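Architecture at a glance
So the chains spell out like this:
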Amino acid sequence: MRILVVEDEPLLADAVAQGLRHEAHAVDVVYDGGSALERIEVNDYDVVVLDRDVPVVHGDKVCQVLAERNADIRVLMLTAAAGIDDRVAGLALGADDYLPKPFALRELSARVAALGRRARPAAPPVLRRAGISLDPYRREVHRDGRYVPLSRKEFAVLAELLRADGTAVSAETLLEKAWDENADPFTHAVRMTILKLRRKLGDPPVVLTEPGVGYRIR
């Protein structure tokens with residue numbers, strides 16, 4: 001998934017981003033609400049992890065804008081205020097979930113994953129096609145019963161191809177979903193990752209190239 005973390009405490013923001021990247025997500029980080037609104041205008045996010053008390057533009061306003069303009073983006077709101085009234089107020093603003101600080105990174109990751117499933121059409125828990133099975137939660141891939149060890153980027157790219165269910169996915173979409181905003185749009189990272197995937201998945205080839213369109217699972 002493509003995730004935006006909005007948190008004004010740099011150490012916490014970077015820790016959250018690192019934890020989510022460990023789960024093979026593409027994560028961007030900003031430290032104020034104004035920058036968050038700028039990123040949302042130019043990037044297609046699945047989930048926004050939003051601290052309610054960020055500066056410049058308050059988290060409440062950011063949440064309201066998201067609820068009004070981007071119905072497909074899910075919002076996990078973070079706050080140091082743990083009272084019931086605070087949680088209710090956050091949800092009333094349009095947040096999809098609410099997590100009080102301090103929190104365990106494992107719980108945040110699980111909540112983000114749950115919101116991501118709601119942000120896209122329902123998919124089976126284990127993705128399967130052409131003899132490949134991918135378990136997003138155990139982070140395991142098998143082909144015809146054989147375990148296939150993949151890097152985080154290879155796993156993320158394969159997951160996007162399997163979710164497309166045989167439809168071609170452009171290199172631009174794969175770059176957007178599996179890498180963060182620092183990725184060079186002219187990089188060969190997607191092509192190299194596809195080559196590595198093909199080699200690891202073995203014969204007969206299952207990742208096909210559609211010239212001028214992208215890549216798909218046969």
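Scroll up for the structure.
**Things to note about the pairing of strand E8 (residues 140-143)**
Going residue by residue along E8, you find Val141 and Arg143 tucked away on one face and Glu140 and His142 left uncovered on the opposite face. Bridge count for strand E7 (residues 132-135) against E8 is four bridges, and the pairing is antiparallel. By the bridge assignment, Leu134 is partnered in E8 with Val141. Joining the antiparallel neighbours E7 and E8 is a turn of four residues, in which Arg139 adopts a positive phi near 55°. Pairing between E8 and strand E9 (residues 146-147): two bridges, direction antiparallel. If you follow His142 over to E9, its bridge partner there is Tyr147. With antiparallel pairing between neighbouring strands as the criterion, E8 and E9 make up a hairpin whose turn holds two residues, including Asp144 at a positive phi of roughly 50°.

**Quick word on the pairing of strand E3 (residues 47-51)**
Across the five residues of E3, five count as buried, placing the element largely inside the fold. Judged by which residues are buried, E3 turns out to be covered on both faces: Val47, Val49 and Asp51 on one side and Val48 and Leu50 on the other are all buried. Here strand E1 (residues 2-6) runs beside E3; their pairing, made up of four bridges, is parallel. Directly across from Ile3, in E3, lies its bridge partner Val47. Relative to strand E4 (residues 74-79), E3 is paired through five bridges, and the arrangement is parallel. Looking across to E4, one finds that Leu50 is bridged to Met77.

**What to know about the sheet that holds E3**
Here five strands make up an open sheet; going across it, the order is E2-E1-E3-E4-E5 and the pairing parallel. Two strands bound the open sheet, and with one partner strand each, they are strand E2 (26-30) and strand E5 (97-100). This sheet shows a mean twist of 20° between the axes of neighbouring strands, independent of strand direction. Packing of helix H2 (residues 33-42) onto the sheet brings it into contact with E1 and E2, and relative to E1 it is tilted by some 165°.

**Section: the environment of Arg118**
Looking at the secondary structure, you find Arg118 in helix H5 (residues 105-119). What makes Arg118 partly exposed here is its relative accessible area of 45%. In this structure the C-alpha to C-alpha distance between Arg118 and Arg129, which are eleven residues apart in sequence, comes to 22 Å. Look past the residues within four positions of Arg118 in its chain and what remains in contact with it is Arg74 and Asp96.

**A word on the packing of aromatic side chains**
Under the counting rule described, the total for this entry stands at zero aromatic pairs. The positively charged end of Arg139 is found above the aromatic ring belonging to Phe155, 4.5 Å away from the centroid.

**A word on the sheet that holds E7**
Within the open sheet, the four strands sit side by side as E6-E7-E8-E9. Their pairing is antiparallel. With one partner strand each, in any of the chains shown, strand E6 (127-129) and E9 form the two edges of the open sheet. Sitting on the sheet, helix H6 (residues 152-163) touches E6, E7 and E8, and the angle it makes with E7 is about 115°.

**Thoughts on the nonpolar core**
Side chains of nonpolar character tend, in soluble globular proteins, to be buried together. Leu134, Val141, Val157, Leu158, Leu161, Leu201 and Val207 are the most contacted members of the largest nonpolar core, which has 27 residues in total. Mapped by element, the contributors of at least two residues to this core are E7, H6, helix H7 (171-178), helix H8 (189-201) and strand E11 (214-217). The element contributing the most residues to this core is H6, with seven residues. For Val157, the contacting residues outside a window of four places in its chain are Leu174, Ala178, Trp179, Thr193, Ile194 and Leu197.

Conventions and cut-offs
- Residues numbered from 1 in each chain as written.
- Predicted model: local features only at pLDDT ≥ 70, side-chain atom pairs only at ≥ 80, totals over all residues.
- Heavy atoms only, no water.
- Buried < 20%, exposed > 50% of the residue type's maximum accessible area, 1.4 Å probe, protein only.
- Helix = DSSP H or I, 4+ residues; strand = E, 2+ residues; numbered from the N terminus.
- Pairing = 2+ DSSP bridges.
- Axes fitted to C-alpha atoms, helices over the stretch in contact; angles between N-to-C directions.
- Contact = heavy atoms within 4.5 Å.
- Phe/Tyr/Trp six-rings, centres within 6.5 Å; stacked < 30°, edge-to-face > 60°.
- Lys NZ or Arg CZ within 6 Å of the ring centre and 35° of its normal.
- Core = buried A, V, L, I, M, F, W, Y, C linked by side-chain atoms within 4.5 Å.

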